[in-house]
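Spelled out, the chains give:
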Amino acid sequence: MTRFTKHLPHYTPLFALISAGLLGYLFFSYDKAFQFIIALAVSVSYVFWGIVHHKVHDDLTIFVVFEYLVIATLGMVIVFSLLFRA
Amino acid sequence: MGYASNISINDVVNITNQKRQENGVEPLILNETLSSAAHSKGLDMLEHDYWAHVSPQGTEPWKFFTDAGYTYKYAGENLARDFSNPSSAVDAWMASPSHRDNMLSGKYKEIGVAVVEGDLSGVETTLIVQMFGTKYTDTLPSVPIASAKTNEVNQEKLVPTNKPTLIPTPTAVPYLAVSDISQTNSAGVSGSRIMISPFNTTRNLSLVTVLLLLTVLFVDAYVTRKRNIPRFGGRVFAHLAFLGMILAIVLIAKAGAIL
């Protein structure tokens, strides 16, 4: 619990980002171009969140950046494949 | 791999009218000339391989109205593709402010709908074309026959106010009744064709991928924590949250696009 509280200032922006992205995606369900932009923005922000978070904790390496990039890219590919499938 | 869905024209009209009534607007009357115009528009999209209100050749939607012999005062068009049922398409239109305006506009008195299936950019596609209109003659003030002659000048002065105002001379076109369109459609989807939805296949594949990755990350986090294994890498909790969002998007994703 203490550990969670310690990380709360870091995770709050991440949750806000993810929640905003999800709500935006839902709200603009009629506009695929806007949904594309939302997915892209959340993915890029997620990578930046990871870089800033690890930089603050002094454990930022190129592998960590690569890990966030891989996860974000996978998420984007999945969302885009659904968006432009039909 | 082809996919086509059986969407009834009457269902699209009924659901649209239901939405209008829920919003206190008069229901629309199904007009076969408008349905014929909508069918021509659908065929034109397949023939010239485009998904837009205006064709690459510059043909505007209003041309299909006039070519079918519908002289309008007000006209509107909604397009949808790849929906598996009519209510999803209508719901998608209702969620979009501009399409919703068309569906709930009190200016329109009639509706025409066509469901056309065919190859669009290499994908077997179901297109729904919804056309709204009010005949130019319907907007003219009704006058007794005896006094009609004296009001000729006034009638000539009546100018349509909305954008599609061009009223060309109606041209005779081969007429296609709504029932004929329905028969064409039902013939198109029946038979021995194997129907696999590209969207559902992509969706299921995405679902499996995300769930697999979430499971791996969760097991990884559990094992490293339980055995106190030092882990140098990204935050598993953050990855789980991000992939959770992707999972939610996959779950809420629906087939179909509107224009």
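Please read all numbers here as calculations on a predicted model, not as lab measurements. (Residues numbered from 1 in each chain as written. Chains lettered and ligands numbered in written order. Predicted model: local features only at pLDDT ≥ 70, side-chain atom pairs only at ≥ 80, totals over all residues. Heavy atoms only, no water.)

## Regarding the overall build of chain A
- A count of helical and extended segments in chain A gives three helices and zero strands.
- Shown N-terminal to C-terminal, the secondary structure of chain A runs as helices and strands in the order α-α-α.
- Going through the 86 residues of chain A one by one, you find that 38% of them count as buried.
- In chain A, the share of contacts with a sequence separation of at least 24, taken over all contacts with a separation of at least 6, comes to 61%.
- Surface accessibility of chain A: about 5000 Å² in total, with carbon and sulfur atoms responsible for 77%. (Helix = DSSP H or I, 4+ residues; strand = E, 2+ residues; numbered from the N terminus. Buried < 20%, exposed > 50% of the residue type's maximum accessible area, 1.4 Å probe, protein only. Contact = heavy atoms within 4.5 Å. Areas by Shrake-Rupley, 256 points an atom, 1.4 Å probe, with all protein chains shown as cover.)

## Focus on the pairing of strand β4 (residues 123-135) of chain B
All names here are of chain B.
- For β4, a buried count of 10 out of 13 residues is recorded, marking the element as mostly surrounded by other parts of the structure.
- As judged from the nine bridges shared by strand β2 (residues 72-81) and β4, these two strands associate in the antiparallel manner. Across the sheet, residue L79 finds its bridge partner in β4, namely V129.
- Examined bridge by bridge, strand β3 (residues 110-120) and β4 share 11 bridges and lie antiparallel to one another. By the bridge assignment, V116 is partnered in β4 with L127.
- Here β3 folds back onto β4, and the loop between the two strands holds two residues, one of which, S121, carries a positive phi near 55°. (Pairing = 2+ DSSP bridges.)

## Some details on the confidence of the model for chain B
All names here are of chain B.
- Of all residues in chain B, 75% attain a pLDDT of 70 or more, and the chain-wide mean is 77.
- With pLDDT under 50 throughout, residues 144-192 is counted as low confidence; its partners more than four residues away or in other chains account for 60 contacts.
- Predicted complex, confidence summary: ipTM 0.91, pTM 0.63. (pLDDT = per-residue confidence, 0-100.)

## Focus: the packing of aromatic side chains
- The tally for this structure, following the rule as stated, stands at 15 aromatic pairs over all chains.
- Counting every residue linked through ring pairs, the aromatic cluster contains Y11, F15, Y46, W49 and Y68 of chain A together with F237 and F242 of chain B. (Phe/Tyr/Trp six-rings, centres within 6.5 Å; stacked < 30°, edge-to-face > 60°.)

## Notes on helix α2 (residues 32-56) of chain A
Residue and element names in this part refer to chain A.
- Helix length check: α2 (25 residues) gives 36 Å between terminal C-alpha atoms against 36 Å at 1.5 Å per residue, within 8%.
- Listing the buried residues of α2 in full gives Q35, I38, A39, V42, S43, Y46, V47, W49, G50, H53 and H54.
- N-cap assignment for α2: the residue whose side-chain oxygen lies 3.2 Å from the backbone N of A33 is D31.
- Remark: D58 follows α2 within two positions and exhibits a positive phi of approximately 60°. (Expected span 1.5 Å × (residues − 1). Polar contact = N/O pair within 3.5 Å; in protein donor to acceptor, adjacent residues only side chain to side chain.)

## Digging into unusual backbone geometry
- In this structure, D58 of chain A is a non-glycine residue whose phi angle is positive, near 60°.
- Secondary-structure assignment places D58 of chain A in the loop between α2 and α3 (62-83).
- With a phi close to 65°, D82 of chain B is a non-glycine residue in the positive phi region.
- As for its position among the elements, D82 of chain B is in the loop between β2 and α4 (86-95).
- With a relative accessible area of 7%, D82 of chain B lands in the buried category.

## Description of the environment of I18 of chain A
Residues and elements named next belong to chain A.
- With respect to the helices and strands, I18 occurs in helix α1 (residues 2-27).
- A relative accessible area of 9% places I18 in the buried class.
- Counting along the chain gives 28 residues from I18 to Y46, while the straight-line C-alpha distance between them is 8.5 Å.

## Here's the deal with the pairing of β3 of chain B
All names here are of chain B.
- Of all the 11 residues making up β3, 10 are buried; the element is thus mostly covered by neighbouring parts of the structure.
- Bridge count for strand β1 (residues 29-30) against β3 is two bridges, and the pairing is parallel. Considered in β3, the bridge of I29 is made with E110.

## A word on the pattern of salt bridges
- All chains considered together, the criterion is met by six salt bridges over all chains.
- Close ionic contact of D59 of chain A with R235 of chain B constitutes a salt bridge, the shortest N to O distance being 3.3 Å. Taken together, the residues D59 of chain A in the loop between α2 and α3 and R235 of chain B in the loop between α9 (198-226) and α10 (236-252) connect one chain to another.
- With its nearest N and O atoms 3.5 Å apart, the salt bridge here joins K135 of chain B to E110 of chain B. One end of the pair, K135 of chain B, is in strand β4; the other, E110 of chain B, is in strand β3, and 25 residues separate them in sequence.
- Residue E110 of chain B is classed as buried on the basis of its relative accessible area, which comes to 10%. (Salt bridge = Lys/Arg side-chain N within 4 Å of Asp/Glu carboxyl O.)

## Details of the interface of chain A and chain B
- Taken together, the contacts link 33 residues of chain A with 35 residues of chain B.
- Between chain A and chain B, the buried area comes to about 2900 Å², and carbon and sulfur atoms account for 77% of it.
- At the surface where chain A touches chain B, the tally comes to one salt bridge.
- Here chain A is connected to chain B by five residue pairs in polar contact (both at pLDDT 80 or more).
- Elements represented by at least two residues in the side of chain A that touches chain B include exactly α1, α2 and α3 of chain A.
- Ranked by the residues each element gives to the side of chain A that touches chain B, the list is headed by α3 of chain A, at 11 residues.
- Within the side of chain A that touches chain B, the residues separate by chemical class into 21 nonpolar, seven polar and five charged. (Buried area = accessible area lost by both parts, 1.4 Å probe. Nonpolar A, V, L, I, M, F, W, Y, C, P; charged D, E, K, R; others polar.)

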